[in-house]
Amino acid sequence: MRKPLLLGCLLFLFSIIGFSQPDSCSTRISLLTCSPGNDLYSTFGHTAIRVQDPLAGTDIVYNYGTFEFSPDFYIKFIRGKLNYALATESYADFLYTYQYESRSVVEQELLLTCAQKDQLWMALQHNATPENRFYLYDFLFDNCTTRARDMIVAHAGKPVTVPNVLPGSNTTFRNMLHTYLDRGGQHWSKLGIDILLGSRIDRKVEQAEATFLPDFLLKAMNGATGGGSRIATDPQPLLTMPSTLDKGTLFLPSVVFGAMLLLALVLSFYKRGAAQKALRIFDRSLFLLLGLAGVLLVFMWVGTDHRDTKDNFNLLWALPTHLLGAYLLGRGTKGEHLYFKAVFWITVGLLATWAFLPQQLNTALLPLVATVALRSGMLGKIFGHA
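Bear in mind the structure is a predicted one, so any value in this text is a computation, not a measurement.

Conventions adopted
Residues numbered from 1 in each chain as written. Predicted model: local features only at pLDDT ≥ 70, side-chain atom pairs only at ≥ 80, totals over all residues. Heavy atoms only, no water. Helix = DSSP H or I, 4+ residues; strand = E, 2+ residues; numbered from the N terminus. Rg over C-alpha atoms; globule rule 2.2 N^0.38 Å. Buried < 20%, exposed > 50% of the residue type's maximum accessible area, 1.4 Å probe, protein only. Contact = heavy atoms within 4.5 Å. Areas by Shrake-Rupley, 256 points an atom, 1.4 Å probe, with all protein chains shown as cover. Lys, Arg positive; Asp, Glu negative; His and termini not counted. Charge placed at Lys NZ, Arg CZ, Asp CG, Glu CD. Pairing = 2+ DSSP bridges. Axes fitted to C-alpha atoms, helices over the stretch in contact; angles between N-to-C directions. Phe/Tyr/Trp six-rings, centres within 6.5 Å; stacked < 30°, edge-to-face > 60°. Lys NZ or Arg CZ within 6 Å of the ring centre and 35° of its normal. Parallel < 35°, antiparallel > 145°, perpendicular 65-115°, else oblique. Nonpolar A, V, L, I, M, F, W, Y, C, P; charged D, E, K, R; others polar. Disulfide = S-S within 2.5 Å. Expected span 1.5 Å × (residues − 1). Arc of directions from axis to C-beta. Core = buried A, V, L, I, M, F, W, Y, C linked by side-chain atoms within 4.5 Å. Salt bridge = Lys/Arg side-chain N within 4 Å of Asp/Glu carboxyl O.

### Remarks on the overall build of the chain
At step 1: Along the chain, the regular secondary structure elements total 13 helices and 10 strands.
At step 2: Whereas a compact globule of 386 residues would reach a radius of gyration of roughly 21 Å, the chain reaches 28 Å, over 25% beyond that.
At step 3: Expressed as lengths along the three principal axes of its C-alpha atoms, the size of the chain is roughly 120 × 45 × 40 Å.
At step 4: Taken over 386 residues, the chain has a buried fraction of 44%.
At step 5: Here the contacts in the chain between residues at least 6 apart in sequence split such that 75% fall between residues at least 24 apart.
At step 6: A total accessible area of about 20,000 Å² is found for the chain, and carbon and sulfur atoms account for 64% of it.
At step 7: Positive and negative charge centroids in the chain, built from 34 and 29 side chains respectively, lie 11 Å apart.

Quick look at the structure:
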């Protein structure tokens, strides 16, 4: 009688253990974080979600970072109306792409119940349908990383708490972008971004907003909890590749603009005829290009749906009215002198308040702005003749 009794107890115990482990399903869902690449679009890394079902023999990656190239692609991109899409591909193809680009990939398995995994997978499949896969892309607030984050948090079952991953209490969006651009040697891209994006990205980043970048989402998920329990494992390497980021270049914006300032100084005080003819070409080209840049910045402010190109203090040196200044150059009129005198004082005021503006201007622009001050001062007869 003891053996049947013991066997019955064991069967009862195993049945209890089986019912108390609802996470024994075969589905495995994980967060993939990919390291930065050489191209600007890959400078900040990438995020995707991997779903494995060994019983069905499937291993799929859900990628919110794809877009379709169309004839009006660039117009939509400039106007802030570019749609990104959720696409699916096999894990093998996904990994091959990053191996080809020499970019590492790490994985964090989600510690969800079977029901939560099923719901998350169903939501991803629903998002991947033709009528639901597109979304209006916003680099800071609605991108491939924030979409993956929101899907995971929405299906974690309980409110998710994440640790502080910000590098400092006063970190701004621009600070975070600069870290990646500097690390990747993207000096000209950094300059372009700093010129196009206005003061709105110079506000302090809130903790919940920090995870718009893949590396920061990885750190947040590593310590994230739902109901007191972790929702993801520690990062595990799937693909470890040598970095190919190239930082070595002497063709820096600061060097180019410094050479421009030196040329302006030489031409301004060298009075021979050839130098003066070259100076007129220099002045007309300088103010024409700055005026066109100003028109672009105004358009990005008022003519597009981009939120972060508004309130741009770069318009203090890239004045659209410089187009008028380029037209007035060499006419010797009172209007020409008054215009450049006003430009001189605006530029001097900008240089004097550079460090106190509500927008962090790129320091590589300092020699360019100094060139504007020099030439406008000469043309406005502030401290000599042009």
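### Some thoughts on the sheet that holds strand β9 (residues 229–230)
At step 1: Spatially, three strands are ordered β7-β8-β9 in an open sheet, and the strand pairing comes out antiparallel. Looking at strand neighbours, the two that pair on one side only are β7 (160–161) and β9, the edges of this open sheet.
At step 2: Bridge analysis of strand β8 (residues 225–226) against β9 gives two bridges, and the strand direction is antiparallel. Considered in β9, the bridge of G226 is made with S229.

### Looking at the sheet that holds strand β5 (residues 105–109)
At step 1: The sheet built from seven strands is open, its strands ordered β6-β4-β3-β2-β1-β5-β10 with antiparallel pairing. Looking along the sheet, the strands with just one partner apiece sit at the ends: β6 (134–136) and β10 (236–239). Averaged over neighbouring strand pairs, the angle between their axes works out to 30° when direction is ignored.
At step 2: Looking at chain direction, strand β2 (residues 46–53) and strand β3 (residues 58–66) are connected through five bridges and run antiparallel. Among the inter-strand pairings, V51 is bridged to a residue of β3, identified as I60.

### Some details on the packing of aromatic side chains
Two numbers describe a pair of aromatic rings. These are the distance of the centres and the angle of the planes.
At step 1: Tallied over the entire structure, the rule returns 15 aromatic pairs.
At step 2: On the numbers, 4.8 Å between centres and 40° between planes, the contact of F94 with Y98 is tilted. A residue pair is termed a helical-turn pair when its members lie 3 or 4 positions apart in one helix, as F94 and Y98 do in helix α3 (residues 91–100) at four residues.
At step 3: Note on F94: relative accessible area 1%, which makes it buried.
At step 4: Summarising the aromatic geometry, the rings of F141 and F173 are spaced 5.6 Å apart at their centres and angled 70° between planes, so their arrangement reads as edge-to-face. With a gap of 32 residues between them, F141 in the loop between β6 and α5 (144–154) and F173 in helix α6 (residues 173–183) connect regions that are remote in the sequence.
At step 5: Taking the relative accessible area as the measure of exposure, F141 reaches 29% and is therefore partly exposed.
At step 6: Linked through ring pairs, F44, F139, F141, F173, Y180 and F212 together constitute an aromatic cluster.
At step 7: In this arrangement the basic side chain of R50 is found over the ring face of Y91, its NZ or CZ atom lying 3.5 Å from the centre.
At step 8: Against the face of Y327 rests R331, its NZ or CZ located 4.2 Å from the ring centre.

### Comments concerning the packing of helix α7 (residues 187–196) against helix α9 (residues 253–269)
At step 1: As a packed pair, α7 and α9 sit with axes 9 Å apart at the nearest point and diverge in direction by 75°. The angle between the axes of α7 and α9 places the two elements in the roughly perpendicular class. In this structure, α7 contributes H187, W188 and L191 to the contact, and α9 contributes P253, V256 and F257.
At step 2: Among the residues making up the contact of α7 with α9, the classes are represented as five nonpolar, one polar and no charged.

### Topic: the state of the cysteines
At step 1: Evaluated as defined, the whole model comprises one disulfide.
At step 2: Two residues share a disulfide in this structure: C25 and C114, whose sulfurs sit 2.3 Å from each other. Handedness here is read from the sign of the S-S torsion; for C25 and C114, about -110°, the answer is left-handed. Of this pair, C25 sits in the loop between α1 (2–19) and β1 (28–34) while C114 sits in helix α4 (residues 114–127), and the two are 89 residues apart along the sequence.
At step 3: Owing to a relative accessible area of 13%, C114 belongs among the buried residues under this scheme.

### Section: α9
At step 1: A rise of 1.5 Å per residue sets the reference length of α9, with its 17 residues, at 24 Å; its end C-alpha atoms lie 25 Å apart and thus fit the reference within 8%.
At step 2: Those residues of α9 lying buried are P253, F257, A264, L267 and S268. Along α9, the residues classed as buried sweep out an arc of 100° about the axis, all on the same side. In α9, the exposed residues that point more than 90 degrees away from the buried face are L262 and F269.
At step 3: Here the buried face of α9 lies against α7, α10 (273–302) and α13 (366–379).

### Description of the nonpolar core
At step 1: Ranked by internal contacts, the top residues of the largest apolar core, which has 33 residues, are F287, W317, L350, L365 and L368.
At step 2: Looking at this core, the elements that each hand over two or more residues are α7, α9, α10, α11 (322–328), α12 (334–353) and α13.
At step 3: For this core, the element with the highest residue contribution is α10, accounting for seven residues.
At step 4: Ignoring any residue separated from it by four or fewer positions in sequence, one finds F287 in contact with H322, L323, A326, L329, F340, V372, R375, S376 and L379.
At step 5: The next biggest cluster of nonpolar side chains, apart from the first, holds 26 residues, and it includes Y62, I152, A156 and L217.

### Overview of the pattern of salt bridges
At step 1: Counted by the stated rule, this structure contains 15 salt bridges.
At step 2: In this structure, R28 and E107 form a salt bridge, with 3.1 Å as the shortest nitrogen-oxygen distance. Here E107 lies in strand β5 and R28 lies in strand β1, a separation of 79 residues in the sequence.
At step 3: Between D311 and R200 there is a salt bridge; the shortest N-O distance is 2.9 Å. Placement of the pair is D311 in the loop between α10 and α11 and R200 in the loop between α7 and α8 (214–223), with a sequence separation of 111 residues.
At step 4: Overlapping salt bridges bring together R28, R50, D59, E107 and E109 as one network.

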